[in-house]
Amino acid sequence: MRLAGFYLFALGVALLPILFPDNYFVIVVGASAGLHVILAVGLNLLMGYAGQISLGHAAFFGMGAYASAILTTRFGWPSLLALAAGLLATGALAWLFARPILRLRGHYLAMATLGFGVIVHVILVQATQWTGGPDGLSGIPALNLLGWRVDGDEQWYGVIMAAMLLVVWLTLNLVDSQVGRALRAVHGSEFAAQMMGVDTGRAKTQVFVISALFAAFAGSLFAHQQAFVSPDSFNLTVSVELVTMVVLGGLASTFGAVCGAIALTLLQQGLVVFEDYEMLIHGALLMAVMIFMPQGLFVGLSQAARRVRHRLKRRQPLPST
Amino acid sequence: MPELLLQFLVTGITVGSLYALVGLGFALIYNASDVVNFAQGEFVMLGAMTAIALLNAGMPLLLAAIIATSLTVLVGLLLERFAIEPAAGASVVTTIIITIGAAIFLRGVALLLWGKDFHALPPFSGEAPIRLGGATVLPQSLWVLGVTVALVLLVRVFLNRTLLGKALLACSFNRTAAQAVGINVKAMLRLAYGLSAGLGALAGILIAPITFSSYEAGVMLGLKGFSAAIVGGIGNPMGAVAGGLLLGVLEALGAGLVSSGYKDAIAFLFVLMVLFFEPTGLFGHKAAERV
Amino acid sequence: MKASWWKTFLVSTLLWAGVNLAQAADPIKIGSFLTVTGPASFLGDPELKTLQMYVEEINAKGGVKGRKIELIHYDTGGDAKDAVSFVKRLIKSDKVDLLIGGTTTGDTMAVVPDVEKEGIPFISLAGAVEIIEPVKKWAFKTPHTDRMAAAKIFTDLRKRGLSKIALITGDGGFDKSGRTQILKLAPEYGMTLVADESYGNKDTDMTAQLAKIRAAGAEAIINFGLGQAPAIVTKNIKQLGITLPVYQSHGVASKTFIDLAGDAAEGIRLPAAALVVAEQLPDTDPQKPVLLAYKTKYEAKHGPVSTFGGHAYDGLLIAVAALERAGSADKTKVRDAIEQTKGLIGTAGVFNMTPEDHMGLNVDAFKLLEVHNGAWRIVE
């Protein structure tokens, strides 16, 4: 029963392309939302459960993407091996940075992660001989899954959704495990958690590495799906968008992050039609949601639904039709 | 070589003054409300763009500057009233998203009002460079420097010598206690936002003849101002000023001596290093964590 | 019974006719994705305005072969990821017949894989030579390449007897690609690079880099960049008291640049399309009427022209001519017709495409301009 919501979600994901075959908003936007979900769910582990803000998460996303892009195009590595190498490198770097960065608190942590993100972005732009510079790298070969070449938008929808469901399932289990409980203790009061014998530094490092790994994983998929990477897909704006997804959906709720990621992806697609007014509306919406639903859309809307249900129940008895 | 170094220093101090003013705005607002206002850079942009628009409409520069600053102060007050006050008590991340939302919103307004073009303000007193040893300085740089020093001194005197300023500082240390001794915390909050917006607008007007302005000009400045405030220890106004100057000089030296492409990376690497060794900035007070 | 049979016949005939009519009047859909916001908005904005203005005009005149044109546009904000997603949306969801867009080289190169896979004619408005070299079956472009700009600058330098050059470029795609071409061509023209500096496109001060250039002993400075940064470079050069000849790229060929840089812009030279100096062309120049017509129309509605809007005009012109020659919106036929574009006079020059050359301009299409008394004038 614990995973009922998950199965429902998986069913929806599988049914959508059957109900709306060859539909851009399902296949292409859906795949893009799927990648965002992987990123947001990972970031939510760090922000929602461990209470550590990160304004540089796009850097890990970019490292995964560029690892795959560079290793496959310049060195001819098989795509799965490149993906694994990307995960390994990103994980190692995250582990190295975790201790000094996570010692910081609040806005200082925000600054440090932001700075980290900017530095990685500058390197992607400047190290032209490796990264192709601001114009990026093109010609990334198709993802090869043990002989199956993933090509075409429908196949990508399948692969990204499968990856996304795997990540969500892993996360749901992780949150319920001992690590998850340690994390929540850290979020509540780090000092108290230490008193209770939780190795808070270790717990924070673990979750930092895990969320970096999720991001790098999404990055590798992204690179193969687009067959092209450029630094602007991994800049500060993207980091801020990811934080927005997590907060918009509702912190410390995996499905909140899922909701936030999907909502923001759809919002971006929807707002395009407003052209010059897009920015204005985007900003106003962000402010409004955060002011009126500081707990996020998922919690905010489900509370509202509960209130309505409550009121309906009290009014009683509704005529049966 | 010494001539080059002098030139880098001149450049660094000019740019650094700007960062200092923006950083000062961050610090004042943080002091009063524990909020890092990511729309601070947009105040800079609004000040510059409004002044340019008024000037183009035929207004004399001084009047345009005064009106532009007042309008930006008004925007700051509105932001406080309608976006920050209703979200009182929200978490750090929530307020960050709110102010980022406000920044995007203000950018959107500027886009609709003034389009996407870059606009310039004419320099206040000519463009003939002044020789300074082996280096050259623009008269406008002297304006930037002079006004920044004046503003920083004014803010310092205000905070340390006047009752209102002391009340503002008191809020930053302990809001409940401040309330208890009869300080109108809400009014202090508005004061901080108005003051920060005004400082930002002035910075924008000062720098517009050198760097031009457009609806997006506030983004990078906001970031650098935030870095300045953090390096100085957030909530320490004079620390933010020192942080801004330090960052500006470092960037200029980095661009001149190491690599211009990696200039931003060098600046942020410096910020990271500071934080790794001094987790609360160079001049931050080390507050005990509440359990 | 009989009546109902008649009714059915009548209704179905009408329906059939209706469907046919609808098909005939079905608009031709042109998809466009431009950088209308973001750092390259000063390129994308006039491009979009131009497309909208001329699509309206074409439709008012009855469209192409009796079919109206429908323009569907998305703003990429300069993010290649969005460009890819919008091109998919244009192809799959909006089902457009051809694509005009890709303000920046980054956006263009990002969508090329999809364009080639789906097989849809695509006219790019971006500069870099890599878009058409090697030739891509479905991709064309209208602006001059950065290699032509570099060649034009070097030719003029040689004429003036200057050979030691200092280069300063931004960190954008246009800048870096231009830098590559300059480095590549320099030896051919006997140029030696004594300094090679760069800046961030959002930077507000380049004096540190220029102070180094001042100390490097160059005879001329070349700045390859877009937007406000070259104007800041220009101002900074004057501020540092540097009096060397300065060359800019075609990326700043607009009145805005002169306005921003002010007095410091005097004497600066750059290669650009003839559009900004249309009035100064001799009356015998076949391009003159085309340029003046576009300029008058654009300026009546939107203010000073830039060459960038001209690229969009050229793209639309090529597309419409190809649609008319192809006689339908069939993708393969339109592509072939674009490739056969011959002697078409646009704002950038005269287009002569071939299967090997998907741009079709030669270096003569560039004019060398100089800023004189706050306006452009032709040097040659």
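Residues numbered from 1 in each chain as written. Chains lettered and ligands numbered in written order. Predicted model: local features only at pLDDT ≥ 70, side-chain atom pairs only at ≥ 80, totals over all residues.

Chemist: Describe the overall build of chain A, listing the residues and the values that go with them.
Modeler: Check the secondary structure of chain A and you find 14 helices and 4 strands. Taking all 321 residues of chain A together, 55% fall into the buried category. Across chain A, the fraction of contacts at a sequence separation of at least 24, relative to all contacts at a separation of at least 6, is 77%. (Helix = DSSP H or I, 4+ residues; strand = E, 2+ residues; numbered from the N terminus. Buried ≥ 20, exposed ≤ 12 C-beta atoms within 10 Å, placed from the backbone. Contact = placed C-beta atoms within 7 Å.)

Chemist: Any details on the overall build of chain B? Residues and values, ideally.
Modeler: Of the regular secondary structure elements, chain B holds 11 helices and 2 strands. Listed by position from the N terminus, the elements making up chain B come as α-α-α-α-β-β-α-α-α-α-α-α-α. Across its three principal axes, chain B shows a C-alpha extent of roughly 55 × 50 × 35 Å. A burial count over chain B gives 58% of its 291 residues as buried. Partitioning the contacts of chain B with sequence separation of at least 6, the portion at a separation of at least 24 is 76%.

Chemist: Tell me about the interface of chain A and chain B, and please be specific about residues and values.
Modeler: Quoted interface sizes are often the accessible area lost when the parts come together. Tallying the contact residues gives 36 residues for chain A and 39 residues for chain B. For the side of chain A that touches chain B, the secondary structure elements donating two or more residues are helix H5 (106-126), helix H9 (190-195), helix H11 (236-249) and helix H13 (278-292) of chain A. The element best represented in the side of chain A that touches chain B is H5 of chain A, accounting for 13 residues. Grouping the amino acids of the side of chain A that touches chain B by side-chain chemistry returns 26 nonpolar, 8 polar and 2 charged. (Nonpolar A, V, L, I, M, F, W, Y, C, P; charged D, E, K, R; others polar.)

Chemist: Tell me about the pairing of strand S13 (residues 367-372) of chain C, and please be specific about residues and values.
Modeler: Look at any regular strand and the pattern is simple: side chains alternate between the two faces of the sheet. Residue and element names in this part refer to chain C. Across the two faces of S13 the burial differs, with Lys367, Leu369 and Val371 buried and Leu368, Glu370 and His372 not buried at all. The sheet contact formed by strand S10 (residues 269-272) and S13 spans 4 bridges and is antiparallel. By the bridge assignment, Arg269 is partnered in S13 with Glu370. Note that S13 and strand S14 (residues 375-378) share 4 bridges and pair antiparallel. Across the sheet, residue Val371 finds its bridge partner in S14, namely Trp376. Counted between consecutive antiparallel strands, the loop separating S13 from S14 contains 2 residues, among which Asn373 sits at a positive phi close to 50 degrees. (Pairing = 2+ DSSP bridges.)

Chemist: Outline helix H3 (residues 80-93) of chain C, supporting the account with residue identities and numerical values.
Modeler: All names here are of chain C. Compared with the 20 Å implied by 1.5 Å per residue over 14 residues, the 19 Å span of H3 between its first and last C-alpha is a close match. Counted residue by residue, H3 has 12 buried out of 14 residues, so it is predominantly covered. Inspection of H3 places Ala80, Lys81, Asp82, Ala83, Val84, Ser85, Phe86, Val87, Lys88, Arg89, Leu90 and Ile91 among the buried residues, and these make up the whole buried set. Count one or two residues on from H3 and you reach Lys95, which has phi positive near 50 degrees. (Expected span 1.5 Å × (residues − 1).)

Chemist: Quick rundown of the interface of chain B and chain C? Include the residues and the values.
Modeler: Counting residues at the interface gives 25 residues for chain B and 28 residues for chain C. Those elements that provide at least two residues to the side of chain B that touches chain C are helix H1 (2-33), helix H8 (185-211), helix H10 (237-258) and helix H11 (263-277) of chain B. For the side of chain B that touches chain C, the class distribution of residues is 12 nonpolar, 8 polar and 5 charged.

Chemist: Describe the UniProt feature "transmembrane region" (unreviewed entry) in chain B, listing the residues and the values that go with them.
Modeler: Per the UniProt record, "transmembrane region" (unreviewed entry) is found at residues 6-28, 61-79, 91-114, 141-159, 191-210, 230-253 and 265-284 of chain B. Between the C-alpha atoms that bound residues 265-284 of chain B the distance is 23 Å, and the span itself is 65% helix and 0% strand. (UniProt positions renumbered as here; feature names shortened; annotations may be inferred.)

Chemist: Break down the confidence of the model for chain B for me, with residues and values.
Modeler: When pLDDT is low, close inspection of the predicted coordinates is not appropriate. Residue and element names in this part refer to chain B. Looking at chain B as a whole, the pLDDT averages 89, with 97% of positions reaching at least 70. Across chain B, helix H2 (residues 40-56) holds the top mean pLDDT of 96, while helix H7 (residues 175-180) sits lowest at 80. We note a pTM of 0.87 for the whole complex and an ipTM of 0.88 for its interfaces. (pLDDT = per-residue confidence, 0-100.)

Chemist: Before we move on, can you summarise the environment of Ala375 of chain C with the specific residues and values?
Modeler: Residues and elements named next belong to chain C. Mapped onto the elements, Ala375 comes out in strand S14. Judged by the 13 C-beta atoms lying within 10 Å of it, Ala375 falls in the partly exposed class. Between the C-alpha atom of Ala375 and that of Val277, which follows or precedes it by 98 residues, the distance is 9.1 Å.

Chemist: I'd like a rundown of the pairing of strand S8 (residues 220-224) of chain C, residues and numbers included.
Modeler: All names here are of chain C. For S8, the tally of buried residues reaches 5 of 5 residues, placing the bulk of the element in the interior. With burial as the criterion, each face of S8 is covered, one bearing Ala220, Ile222 and Phe224 and the other bearing Ile221 and Asn223. Pairing between strand S6 (residues 164-169) and S8: 5 bridges, direction parallel. Each bridged residue has a counterpart across the sheet, and for Ile168 the counterpart in S8 is Asn223. In this sheet, strand S9 (residues 246-248) lies alongside S8 in parallel orientation, the contact comprising 3 bridges. Paired with Asn223 across the two strands is Gln248, which belongs to S9.

Chemist: Summarise the UniProt feature "transmembrane region" (unreviewed entry) in chain A; cite the residues concerned and give the values.
Modeler: Residues and elements named next belong to chain A. As annotated in UniProt, the feature "transmembrane region" (unreviewed entry) corresponds to residues 25-46, 53-71, 77-96, 108-127, 156-175, 243-267 and 279-301 in the numbering used here. Segment residues 53-71 splits into 79% helix and 0% strand. End C-alpha atoms: 31 Å apart. Across residues 108-127, helical content stands at 95% and strand content at 0%; the span's end C-alpha atoms are separated by 28 Å.

Chemist: Describe the sheet that holds strand S1 (residues 28-34) of chain C, with residues and values.
Modeler: Whenever strands of a sheet pair, they do so through backbone hydrogen bonds, lying parallel or antiparallel. Residue and element names in this part refer to chain C. Ordered in space as S2-S1-S3-S4-S5, the 5 strands form an open sheet in which the pairing is parallel. In this open sheet, the two strands that pair with only one neighbour each are strand S2 (69-75) and strand S5 (139-141). Between one strand and the next, the sheet's axes are offset by a mean angle of 25 degrees, whatever the strand orientation. Bridging between strand S4 (residues 122-124) and S5 involves 3 bridges; their strand directions are parallel. By the bridge assignment for S5, Ser124 is matched with Lys141. Across the sheet, helix H2 (residues 41-60) is in contact with S1, S2 and strand S3 (98-101); its angle to S2 comes to roughly 165 degrees. (Axes fitted to C-alpha atoms, helices over the stretch in contact; angles between N-to-C directions.)

Chemist: Account for the environment of Phe257 of chain C, with residues named and values stated.
Modeler: Residues and elements named next belong to chain C. Structurally, Phe257 can be placed in helix H9 (residues 255-261). Assessed through the 25 C-beta atoms surrounding it within 10 Å, Phe257 is described here as buried. Expressed as a C-alpha distance, the spacing of Phe257 and Ala231, which sit 26 residues apart in the sequence, is 6.1 Å. If near-sequence neighbours (up to four positions away) are discounted, Phe257 is found in contact with Pro230, Ala231, Val252 and Ala265.

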